[in-house]
Amino acid sequence: MLYFDHGATSYPKPKNVIAGMIRALEDFCANPGRAGHQSALQASREIYDAREVVAGFFNIKDPKQLIFTLNCTEALNLGIKGVLKSGDHVITTSMEHNSVLRPIKALEKEGVENTIIQCNKDGSLPLEKVDQSIQENTRLIVLTHSSNLTGTLMPIAEVGKIARERGILFLVDAAQTAGLYPIDVEKMYIDLLAAPGHKSLLGPQGSGFLYIKEGLYLKTLKEGGTGSKSQDFVQPDILPDRYESGTPNTPGIIGLKEGIQYIQQQGRENLLRHEESLVKYFLQEVSKLDYIEVYGPKDCKKQSPVVALNFRGMDSSEIAYILDSVFNIAVRPGLHCAPLAHKTIGTLEQGAVRFSFGYSTTMEEVAKGIEAIKTIGSEL
Ligand SMILES: Cc1ncc(COP(=O)(O)O)c(C=O)c1O
């Protein structure tokens, strides 16, 4: 199979990720932070070590400010619902994923106002609209680092600066960029950073995290056993316990750490350069085909390694079905959980065929993908 669905989840995972998870399952898969026996203590130490590795990668000074979650959706829900209360106002954009839009829409019922900034047709953010949307009660700005539809990279440092200057919290959805693009929570004025472990961080599904700036106190999404202050019926205040109730995904967290170590061994910049070159080649070739419409910036420096396109007049699901069944090529059609992004680029009806590349994608594979597109084009 040619796997061009890294935007959904990276596959296959590096060997050391798999080995790390097996090691966790075989050697120390006791319940961390609970019992005092050796295996439980080792699990705690290994998780702490993983927390340090993940935190270091994003320049998070105190690893305890990093909360492990099930995925990016859970991290975004905690960030959004943990911060906002009745009477607050939140700003976001039309390029967001439903994991941002739905929590924000759900909060309307609780009296939280929102402004959704309309982005340009290539998915880019009109920066002046951020400033213009700020109200007296604006408490939070939520912005994706890159659209999962068009790949459009957003100016997070610039928006972070505006937010910081205006005393507004800034939450970044790094689902499409964490692991590949430089993210420094200090330099980019990020107060909350949500990321999945299973995309470009190369960890397994069921992993993710939310970074919470020191001193920021969120409402909890869940309460329960933490292994600390067990005599109290109230959720402990200490971090990460406050937000990490229940048995953690120990093998998943170890896999996430291994994913980051793989990136560090390869060099994040090298992986980025490789993926940029794949996008550049792909864009160059598909742009020559007059029956193909390509969306987004059409520039490998302005987009993460996803390219959305359509065969003019053809349903995106039909094309994806042909790619899968005839050519054994995995892509993602439809709406990509981002209806407003599709509305922005004008594909709400047709959907789009998303090709997304990753660390393991080769130039030869991309060439085969292009050949398949040409074959379909010649037969339609
Ligand atoms: C931009 C964006 N945000 C959030 C998510 C949700 O991530 P997860 O599936 O890890 O919950 C995705 C998933 O594709 C995404 O692309």
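(A) Structural detail: the pairing of strand β12 (residues 353-356). The two faces of β12 match: Val353 and Phe355 on one face and Arg354 and Ser356 on the other face are all buried. Taken together, the 4 bridges between strand β10 (residues 306-311) and β12 define a ladder with antiparallel strand orientation. Residue pairing for β12: Val306 is matched across the bridge by Ser356.

(B) Local environment of the domain arrangement of the protein. By the assigned domains, the protein splits into domain 1 (2-9 + 268-379) and domain 2 (15-265). In this structure, domain 1 and domain 2 have C-alpha centres spaced 27 Å apart. The largest per-residue losses of area from domain 1 upon contact with domain 2 belong to Thr9, Arg268 and Thr344, which jointly make up 23% of the total buried on that side. Taken together, the connections running from domain 1 to domain 2 amount to 0 salt bridges. Within the residue set of the side of domain 1 that touches domain 2, elements represented by two or more residues are α8 (268-286), β10 and α10 (339-345). Here the side of domain 1 that touches domain 2 takes 6 residues from α10, the largest share from any one element. A per-class count over the side of domain 1 that touches domain 2 returns 16 nonpolar, 10 polar and 5 charged.

(C) Spatial organisation of the side chain of Thr93. Along the chain, Thr93 turns up in strand β3 (residues 89-93). A polar side-chain atom of Thr93 sits 2.6 Å from a polar atom in the side chain of Glu96. Ignoring anything within four residues of it in the chain, the contact list for Thr93 reads Leu101, Ile116, Ile117, Cys119, Leu125, Val142, Leu143 and Met154.

(D) Spotlight on the pattern of salt bridges. Enumeration according to the criterion identifies 18 salt bridges in this entry. Across the pair Asp49 and Lys257 runs a salt bridge whose closest N-O atoms are separated by 3.2 Å. Placement of Asp49 in helix α2 (residues 38-57) and of Lys257 in helix α7 (residues 250-266) is noted, with a sequence separation of 208 residues between them. Lys257 gets classed as buried once you look at its relative accessible area, which sits at 5%. Residues Lys301 and Glu276 are paired through a salt bridge, measuring 2.8 Å at the closest nitrogen-oxygen approach. Taken together, the residues span a long stretch of sequence, with Lys301 in the loop between β9 (292-294) and β10 and Glu276 in helix α8 at a distance of 25 residues. You can call Lys301 exposed: its relative accessible area is 57%. Here Glu276 falls in the buried class, since its relative accessible area comes to 11%. Where salt bridges share partners, they join Arg164, Asp191 and Lys213 into one cluster.

(E) Up close: α8. The end-to-end C-alpha separation of α8 is 27 Å, in line with the 27 Å expected for 19 residues at 1.5 Å each. Among the residues of α8, Arg268, Leu271, Leu272, Glu275, Glu276, Leu278, Val279, Phe282, Leu283, Glu285 and Val286 are the ones counted as buried. Looking at the buried positions of α8, the neighbouring elements they touch are α2, α7, β9, β10, β12 and α11 (363-379).

(F) Looking closely at the layout of surface pockets. What the largest pocket holds in volume is close to 530 Å³. In terms of lining, the largest pocket is formed by 26 residues, of which the most central are Ile47, Arg51, Glu244, Gly246 and Pro248. Where the lining of the largest pocket is concerned, the elements lending two or more residues are α2 and β2 (66-69). In terms of residue count, the dominant contributor to the lining of the largest pocket is α2 (4 residues). Of the residues in the lining of the largest pocket, the class split is 8 nonpolar, 11 polar and 7 charged. Its volume calculated, the second largest pocket comes out at about 320 Å³. Along the wall of the second largest pocket there are 22 residues; nearest its centre are Thr73, His97, Ser99, Ala175 and Lys199. Listing elements by their share of the lining of the second largest pocket, those giving two or more residues are α3 (72-83) and α4 (98-108). Looking at which element gives the most residues to the lining of the second largest pocket, the answer is α4, with 3 residues.

(G) Region of interest: the sheet that holds β3. Spatially, 7 strands are ordered β2-β8-β7-β6-β5-β3-β4 in an open sheet, and the strand pairing comes out mixed. Each edge of the open sheet is held by one strand with a lone partner, namely β2 and β4 (113-117). With strand direction ignored, the average angle separating the axes of adjacent strands in the sheet is 15 degrees. One ladder, built from 4 bridges, connects β2 with strand β8 (residues 208-212); its direction is antiparallel. Note that in β8 the partner of Phe68 across the bridge is Phe209.

Each value, and the rule that gives it
Residues numbered from 1 in each chain as written. Predicted model: local features only at pLDDT ≥ 70, side-chain atom pairs only at ≥ 80, totals over all residues. Heavy atoms only, no water. Buried < 20%, exposed > 50% of the residue type's maximum accessible area, 1.4 Å probe, protein only. Helix = DSSP H or I, 4+ residues; strand = E, 2+ residues; numbered from the N terminus. Pairing = 2+ DSSP bridges. Domains from an automatic or database assignment. Buried area = accessible area lost by both parts, 1.4 Å probe. Salt bridge = Lys/Arg side-chain N within 4 Å of Asp/Glu carboxyl O. Nonpolar A, V, L, I, M, F, W, Y, C, P; charged D, E, K, R; others polar. Polar contact = N/O pair within 3.5 Å; in protein donor to acceptor, adjacent residues only side chain to side chain. Contact = heavy atoms within 4.5 Å. Expected span 1.5 Å × (residues − 1). 1 Å grid on protein atoms, 1.4 Å probe; cavity = no way out; pocket = protein on both sides within 12 Å on 5 of 7 lines; lining within 4 Å. Points joined across faces, edges and corners; volume = space filled by probe spheres on them. Axes fitted to C-alpha atoms, helices over the stretch in contact; angles between N-to-C directions.

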